[in-house]
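# Geometric and topological summary
The lines below spell out each chain.
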Amino acid sequence: MLIAITREVSPSVAGCELSFVPRTEIDVARANAQHRGYQRALATLGCEVRVLDAQPDMPDAVFVEDVAVVVDEVAVMTRPGAESRRAEGASIAEVLRQYRRLRAIEAPGTLDGGDVLRIGRMFYVGESARSNADGIAQLRSILAEYGYTVQGVPIQGCLHLKSAVTALDDESVLLQPTWIDRAAFAHYRIVEVDPAEEHAANVLCIGGTVVMPACFPRTRARVQGAGVDVVSVDVSELQKAEGAVTCCSLVFRES
Ligand code: GLY
């Protein structure tokens, strides 16, 4: 069984961190409705979806992916790069404790889960404004104990590594070449986003199907053309908060 931890959209989401997206008005009710549609999509793909209460004073707390990295053996609580997000992890840790032993990234390390891309036994970690060298080194040290390899990857022009590249399966990635060097993923089959759809590289792969935003039909066609099944979800209000489909959940095997 796959568990998907999610958290309701904060009523204060309009005060979210923004780095590469201009601030525009967010319709919170619509964001909530879209978020429920996202949760239904995860359930359709076989996840047991857990829904945590919103954190009214934490605008970005819906983006649960950023506060933890979960593998079969352990959950690593991150130390988000944005100070405003550091308190988000406490309630997630209480839930993860039911499934995994916990480790943690310590100061001065910083790490956002949005920078952490797993493909098989490899972890690629974005060298971003949110994840620093110390945080990446700590993750490398922890995951090495369980036989995983961690490799830093430079990015430019986007928030997280997973803004620029995500996995379609264990052999293929969906990549935005203006934000990341294709060479870092040259040993995978690379599908590029359509040039008209700048933010389309973030998809969430669950059991061989990818969840992706409905607003990227051209890239969807490319992904389907590569033989990958797609489920589309409308997350337009969450995208205004510089969110995407991976960051709204933490998905892992129950045991
Ligand atoms: N608003 C998402 C983030 O900046 O962390």
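### Structural notes on the site of the ligand
Near the ligand the following residues occur: Glu 17, Asp 60, Phe 63, Arg 85, Arg 130, Leu 159, Ala 241 and Glu 242. Between a nitrogen atom of the ligand and a side-chain N or O atom of Asp 60, the distance comes to 2.6 Å. Within the side chain of Arg 130, one N or O atom sits 2.7 Å away from an oxygen atom of the ligand. Across the complex, the protein chains shield 99% of the 200 Å² of accessible surface that the ligand would expose by itself. Split by residue class, the shell around the ligand holds three nonpolar, no polar and five charged.

### Regarding the pairing of strand E6 (residues 116–119)
For E6 and strand E7 (residues 122–127), the ladder comprises four bridges, and the chain directions are antiparallel. Within E7, the position partnered with Val 116 by the bridge is Val 125. Connecting E6 to the antiparallel partner E7 that follows it, the hairpin turn spans two residues, and Gly 120 within it adopts a positive phi of roughly 60 degrees.

### As for the packing of aromatic side chains
As enumerated under the stated definition, the model contains five aromatic pairs in all. Here Tyr 124 and Phe 185 contribute two aromatic rings whose centre-to-centre distance is 4.8 Å and whose plane-to-plane angle is 50 degrees, an arrangement assigned as tilted. Residue Tyr 124 is located in strand E7, and its partner Phe 185 is located in the loop between strand E10 (172–175) and strand E11 (189–192); the two are separated by 61 residues in the primary sequence. Take Tyr 124 and Phe 185: they sit in the same class, and that class is buried. Counting every residue linked through ring pairs, the aromatic cluster contains Tyr 124, Phe 185 and Tyr 188.

### Overview of helix H1 (residues 28–44)
Taking 1.5 Å per residue as the helical rise, H1 with its 17 residues ought to reach 24 Å, and the 24 Å between its terminal C-alpha atoms agrees with that figure. Taken residue by residue, H1 has Ala 31, Asn 32, Gln 34, His 35, Gly 37, Tyr 38, Gln 39, Ala 41 and Leu 42 as its buried positions. Lining the buried residues of H1 we find strand E1 (2–7), strand E2 (47–52), strand E12 (204–206), strand E13 (209–213), strand E14 (229–233) and helix H6 (236–240). Sitting at the amino-terminal end of H1 is Asp 27, which places a side-chain oxygen 3.1 Å from the backbone nitrogen of Ala 29. Downstream of H1 by a residue or two, Gly 46 has a phi angle that is positive, lying close to 100 degrees.

### Structural notes on the pairing of E10
A regular strand places its side chains on the two faces of the sheet in alternate fashion. Residues Ser 172 and Leu 174 of E10 are buried on one face, and the alternating residues Val 173 and Leu 175, pointing to the opposite face, are buried as well. The pairing of strand E9 (residues 165–169) with E10 spans four bridges and is antiparallel. Paired with Asp 169 across the two strands is Ser 172, which belongs to E10. The hairpin formed by E9 and E10 contains two residues between the paired strands. One ladder, built from four bridges, connects E10 with E11; its direction is parallel. Opposite Val 173, over in E11, you have Ile 190 as the bridge partner.

### Considerations on the nonpolar core
Nonpolar side chains in soluble globular proteins tend to be buried together. If you look at the biggest cluster of nonpolar residues, it comprises 23 residues, and the most contacted ones within it are Tyr 38, Leu 42, Phe 63, Leu 204, Val 233, Leu 238 and Val 245. At the level of secondary structure, the elements contributing two or more residues to this core comprise H1 and E12. A total of four residues in this core trace back to one element, the largest contributor, which is H1. Excluding residues that lie within four positions of it along the chain, Leu 238 makes contacts with Val 9, Ala 31, Gln 34, His 35, Val 62, Phe 63, Gly 243 and Cys 248.

About the thresholds
Residues numbered from 1 in each chain as written. Predicted model: local features only at pLDDT ≥ 70, side-chain atom pairs only at ≥ 80, totals over all residues. Heavy atoms only, no water. Near = heavy atom within 4 Å. Polar contact = N/O pair within 3.5 Å; in protein donor to acceptor, adjacent residues only side chain to side chain. Areas by Shrake-Rupley, 256 points an atom, 1.4 Å probe, with all protein chains shown as cover. Nonpolar A, V, L, I, M, F, W, Y, C, P; charged D, E, K, R; others polar. Pairing = 2+ DSSP bridges. Helix = DSSP H or I, 4+ residues; strand = E, 2+ residues; numbered from the N terminus. Phe/Tyr/Trp six-rings, centres within 6.5 Å; stacked < 30°, edge-to-face > 60°. Buried < 20%, exposed > 50% of the residue type's maximum accessible area, 1.4 Å probe, protein only. Expected span 1.5 Å × (residues − 1). Contact = heavy atoms within 4.5 Å. Core = buried A, V, L, I, M, F, W, Y, C linked by side-chain atoms within 4.5 Å.

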